[in-house]
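The primary structure of each chain is shown beneath.
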Amino acid sequence: MAELSGLNLRTIQRLESGAKVSTESLRALAAVFDVPAESLLVGDPAPSQPAIKAIREGVLRGLEFTGTTPRAAFWWFALALAMVLAFAQLVSEVTGPLPLQIASLIVLLPWIAACTRRLRDAGLSPWWQLISLVPVGGILVLLYLLTYPTRAADPVKATAG
């Protein structure tokens, strides 16, 4: 295989043991087998646009308070909401405060729903959102809690249901 592909024998051994394959190595192996390079990849390739997918899911689940939202998907959605509010702020500077007020009301419930799902994903109670009502420090504590990693499912609760 190494001779046919022009790759180092050690490279072939690493690939056989599951190491990541470089684009050049993948193309060389695909040429040997005369198949498309993508057909040599095992499993599903990573999504090409995780940010767009996360934002889309956040919008579609905007009023859904059940389930969980992974950390990365939550932060992509939060970034999208921040961009919407920033755009509304720019429009408000020209037209008056109404666009920003409307945008703020529109994103309020999706933000609360996303925070609820994210806190649940981190293994915390959604009631922690109430800490954001404490001036200044409360929102900082909530933002910190939203950065917690996904908590593994409790095997006792999973089998007891």
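Residues numbered from 1 in each chain as written. Predicted model: local features only at pLDDT ≥ 70, side-chain atom pairs only at ≥ 80, totals over all residues. Heavy atoms only, no water.

Trainee: I keep staring at the environment of Val 141 and nothing clicks. Help me out?
Mentor: Relative to the helices and strands, Val 141 resides in helix H7 (residues 137-145). Judged by relative accessible area, Val 141 falls into the partly exposed class, the value being 34%. Taking C-alpha positions, Val 141 is 9.2 Å from Trp 128, a pair spaced 13 residues apart along the chain. (Helix = DSSP H or I, 4+ residues; strand = E, 2+ residues; numbered from the N terminus. Buried < 20%, exposed > 50% of the residue type's maximum accessible area, 1.4 Å probe, protein only.)

Trainee: For this particular structure, what's the right way to read a nonpolar patch on the surface?
Mentor: Among the surface-exposed residues, Trp 75, Val 136, Ile 139, Leu 140 and Leu 143 lie close enough to one another that they form a single nonpolar patch of about 440 Å² accessible area. The element best represented in the nonpolar patch is H7, accounting for three residues. For Ile 139, the position within the fold is in helix H7. With a relative accessible area of 35%, Ile 139 lands in the partly exposed category. (Patch = residues over 30% accessible without salt bridge, like charges linked within 9 Å, V, L, I, M, F, W, Y side chains within 5 Å. Areas by Shrake-Rupley, 256 points an atom, 1.4 Å probe, with all protein chains shown as cover. Salt bridge = Lys/Arg side-chain N within 4 Å of Asp/Glu carboxyl O.)

Trainee: What should I look at first to understand the packing of aromatic side chains in this one?
Mentor: The geometry of two aromatic rings is summed up by the distance between their centres and the angle between their planes. Under the defined criterion, the tally for this structure stands at three aromatic pairs. Where Phe 74 meets Trp 111, the ring centres are 5.5 Å apart and the plane angle is 40°; that geometry is what we call tilted. Here the residue Phe 74 occupies a position in helix H5 (residues 71-95), and Trp 111 occupies one in helix H6 (residues 98-121), the gap between them amounting to 37 residues. Taking relative accessible area as the criterion, Phe 74 reaches 0% and is therefore assigned buried. Relative accessible area serves as the criterion here: at 23%, Trp 111 is assigned to the partly exposed category. One aromatic cluster is present, formed by Phe 74, Trp 75 and Trp 111 through successive ring pairs. (Phe/Tyr/Trp six-rings, centres within 6.5 Å; stacked < 30°, edge-to-face > 60°.)

Trainee: Teacher, can you tell me more about the side chain of Thr 69 here?
Mentor: For Thr 69, the location among the structural elements is in the loop between helix H4 (50-60) and H5. Of the polar contacts made by the side chain of Thr 69, one reaches the side chain of Arg 117; its length is 2.8 Å. Apart from the residues lying within four places of it in its own chain, the contact partners of Thr 69 are Arg 61, Phe 74, Arg 117, Arg 118 and Asp 121. (Polar contact = N/O pair within 3.5 Å; in protein donor to acceptor, adjacent residues only side chain to side chain. Contact = heavy atoms within 4.5 Å.)

Trainee: Before we go on, may I ask you to explain the nonpolar core in this structure?
Mentor: Here is a general trend for soluble globular proteins: nonpolar side chains tend to be buried in one another's company. Ranked by internal contacts, the top residues of the largest apolar core, which has 13 residues, are Phe 74, Leu 119, Leu 124 and Leu 146. Sorting the residues of this core by element identifies H5, H6 and H7 as the ones contributing at least two each. Look past the residues within four positions of Leu 146 in its chain and what remains in contact with it is Arg 71, Phe 74, Trp 75, Trp 111, Cys 115, Arg 118 and Leu 119. Grouped together as the second largest cluster of nonpolar side chains are six residues, Ala 2, Leu 7, Ile 12 and Leu 15 included. (Core = buried A, V, L, I, M, F, W, Y, C linked by side-chain atoms within 4.5 Å.)

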